[in-house]
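Listed below are the residues making up each chain.
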Amino acid sequence: MITIGLKRKWDDTKYDSDDDEPSFGKQTLPVANLPMDFDREPEDGLQYLFTVRRDARRLPHVTRVANPYELPEPPDSSRSNLPSELWRSTFLTHFRNLRKNIAQPTIHVHIDPHGSRKVMPDKKERDLWWTFLAGSPESDWNPPKKTKKMSKKSRSSKFEVEYDIIDQQNCPGTHETWRINSDGDVELAEDNMADTLSSAAQPHSGPMSAATEFRNTSHLLTRLDLEQPCSPREITPSLLRKIDHNLSLHLLMYFAHWMNVHLQHPAESTFAILESHARWMFALLVKVEDFISADDMSQLRSLARACLELIVQRRKSEGAEVPDNLLFKNSMTETSCWIIFTTVSGIWGQSDLWRDAETLLASA
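Residues numbered from 1 in each chain as written. Predicted model: local features only at pLDDT ≥ 70, side-chain atom pairs only at ≥ 80, totals over all residues. Heavy atoms only, no water.

J.: Explain the packing of aromatic side chains residue by residue, including any values.
T.: All chains considered together, the criterion is met by 13 aromatic pairs. Judged by centre distance (6.1 Å) and plane angle (35 degrees), the rings of phenylalanine 91 and phenylalanine 95 are tilted. Taken together, the residues phenylalanine 91 and phenylalanine 95, both in helix α2 (residues 85-103) and four residues apart, mark about one turn of the helix. Each member of the pair, phenylalanine 91 as well as phenylalanine 95, is classed as buried. Centroid distance phenylalanine 95 to phenylalanine 282: 5.5 Å. Interplanar angle 75 degrees. Geometry classified as edge-to-face. Within this pair, whereas phenylalanine 95 is found in helix α2, its partner phenylalanine 282 is found in helix α10 (residues 275-287), the two being separated by 187 residues in sequence. Classification of phenylalanine 95 by relative accessible area gives buried; the value is 2%. A connected cluster of aromatic rings, assembled from ring pairs, spans Trp87, Phe91, Phe95 and Phe282. One residue, arginine 88, lies across the ring of tryptophan 354, its end atom 3.7 Å from the ring centre. (Phe/Tyr/Trp six-rings, centres within 6.5 Å; stacked < 30°, edge-to-face > 60°. Helix = DSSP H or I, 4+ residues; strand = E, 2+ residues; numbered from the N terminus. Buried < 20%, exposed > 50% of the residue type's maximum accessible area, 1.4 Å probe, protein only. Lys NZ or Arg CZ within 6 Å of the ring centre and 35° of its normal.)

This is the structure we're talking about:
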């Protein structure tokens, strides 16, 4: 017969749970009550559990291993020269809503007031686009097409006809008087010859003089137009409706080029970037779609970096005395630069540009 040993009661152990700090889990085994500086070898299981629990209390509750791929924390925009996170998120929300409002159809039937008339330069005419944005008249940005060269024979015949007409107009009809002298010979009367020579020597008012006067007048008109510059052309809803995704990207590429030229030649008023240009860039970004190719994304990044470099140039000129030739009226402001920069970096997910901006502005 198997004898059953007596069970050890919980009260028989020298353990007081009130001395322990609360810990995770529920204790099921008894633990020896030893001093915290106990450093001998455990003699039984009670002492061993004591050392285990004591060492567990000395460890932190949460620990982590260093991540070798961890990125540095983004800089605090409240203490930097960058726009705040609140402004960025609010602006991007408003910009997305603007794109939706422009893209959605309306019940209004729009009738183009211009009809089939050309209202803007062709896509690949970069120089004519700059003239168009400057507010120049249509004769400057929409020049007439060059006619085909005429053949040599047709040109010579045309010249002969014009020469005959001009010769007839320039040489008025004259008459000659012949007489018989005392010797019986026939000769031209001298009085009539003198009249003919005098009439040929006098100036006449014919088509050639009128053409010369017209050339002189047109030169004066051109010079007056240069003295009175036109106001820049603004983007309008009717013009924006005629611009699609591809044309927007092409024009934004032009703006990136013009801004880089301005940064290389800041003293040249011909290449000045104005606030009207900033409004054009903002409107063109509205027409760009969400998904674009890598080449187009590179062009947008170039535009954003050009805006950033323009900000640096503006801030460097604040502390120094800027010559009068570097101060242009209605130049693109720092706020407009941040708007274009934030649009490119936020809408198309180019957040790394903000780290570049922080580094570049810190060095400036």
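J.: Which residues make up the side chain of glutamine 47, and what values do they have?
T.: Its place among the elements puts glutamine 47 in helix α1 (residues 45-58). With relative accessibility at 11%, the residue glutamine 47 sits in the buried group. Looking at glutamine 47, its side chain comes within polar contact range of the main-chain nitrogen of glutamate 43, at 2.8 Å. Excluding anything up to four places from it in sequence, glutamine 47 contacts Ala32, Leu34, Phe38, Glu41 and Pro42. (Polar contact = N/O pair within 3.5 Å; in protein donor to acceptor, adjacent residues only side chain to side chain. Contact = heavy atoms within 4.5 Å.)

J.: Any chance you could break down the environment of threonine 343 for me, citing the residues and the numbers?
T.: Secondary-structure assignment places threonine 343 in helix α12 (residues 334-347). Overall, the relative accessible area of 0% leaves threonine 343 in the buried class. Once the C-alpha coordinates of threonine 343 and arginine 96 are considered, the two residues, 247 residues apart in sequence, prove to be 9.8 Å apart.

J.: Run through the environment of proline 266, naming residues and quoting values.
T.: In this structure, proline 266 sits in the loop between α9 (245-264) and α10. Taking the C-alpha atoms as reference, proline 266 lies 10.0 Å from leucine 310; in sequence the two are 44 residues apart.

J.: Mind laying out the nonpolar core, listing which residues take part and the relevant values?
T.: Within the largest apolar cluster, 56 residues are counted, with the highest numbers of intra-cluster contacts made by Met259, Trp280 and Met332. Non-local contacts of methionine 259, meaning those with residues more than four positions away in its chain, are made with Ile273, Met281, Leu303, Ala306, Cys307, Leu310 and Met332. In this structure, Val31, Ala32, Leu34 and Phe50 belong to the second largest nonpolar core, which totals five residues. (Core = buried A, V, L, I, M, F, W, Y, C linked by side-chain atoms within 4.5 Å.)

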